[in-house]
Amino acid sequence: QVQLVESGGGLVQAGGSLRLSCAASGRTFSSYTMGWFRQAPGKEREFVTHITWSGTPFYADSVKGRFTISRDNAKNTVYLQMNSLKPEDTAVYYCAARGVASNQYAYWGQGTQVTVSS
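## A short note on the nonpolar core
Right, on to step 1. Of all hydrophobic cores here, the largest spans 28 residues; its most connected members are Met-34, Trp-36, Met-82 and Tyr-93.
Right, on to step 2. Those elements that provide at least two residues to this core are strand 3 (18–25), strand 4 (33–39), strand 5 (46–51), strand 7 (67–72), strand 8 (77–82), strand 9 (91–98) and strand 11 (112–117).

Structure representation (structure tokens):
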């Protein structure tokens, strides 16, 4: 029911900022919790942040205070503002969606590469 497409990845220097976007299709977008995950080479996928239907965010400790998630339901889009980027933030970033009654992320985007140079 939902298709997700990430964009905005690229190369940035340490200490810089980057904004990722996730465009979603589907008439029930506003009812979904939207999340961001990332996977670095040789490492397991890890949770970064999510935002509920009501706009309440939650962050992993590794990004708290540096990253901000937001959503624009009118545009069917979720954003990830990344500030004070570190080389360890380098990863493929994935957007994901789950319904309000589900604990599982059922829909995933293809990912966008973020590379932070020192």
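So much for the structure itself; the text now carries on.
## Topic: the sheet that holds strand 8
Right, on to step 1. Spatially, 1-3-8-7 is the arrangement adopted by the four strands of the open sheet, whose pairing is antiparallel. Each edge of the open sheet carries a strand with a single partner, namely strand 1 (3–7) and strand 7. Between one strand axis and the next, the sheet turns through 15° on average, direction left out of account.
Right, on to step 2. Across five bridges, strand 1 lies against strand 3 in antiparallel orientation.

## Overview of the packing of aromatic side chains
Right, on to step 1. Under the defined criterion, the tally for this structure stands at six aromatic pairs.
Right, on to step 2. Ring centres of Phe-37 and Trp-108 lie 4.9 Å apart, and the angle between their planes is 55°; on these two criteria the pair is classed as tilted. Of this pair, Phe-37 sits in strand 4 while Trp-108 sits in strand 10 (residues 107–108), and the two are 71 residues apart along the sequence.
Right, on to step 3. Classification of Phe-37 as buried rests on a relative accessible area of 9%.

Calculation notes
- Residues numbered from 1 in each chain as written.
- Predicted model: local features only at pLDDT ≥ 70, side-chain atom pairs only at ≥ 80, totals over all residues.
- Heavy atoms only, no water.
- Core = buried A, V, L, I, M, F, W, Y, C linked by side-chain atoms within 4.5 Å.
- Buried < 20%, exposed > 50% of the residue type's maximum accessible area, 1.4 Å probe, protein only.
- Helix = DSSP H or I, 4+ residues; strand = E, 2+ residues; numbered from the N terminus.
- Pairing = 2+ DSSP bridges.
- Axes fitted to C-alpha atoms, helices over the stretch in contact; angles between N-to-C directions.
- Phe/Tyr/Trp six-rings, centres within 6.5 Å; stacked < 30°, edge-to-face > 60°.

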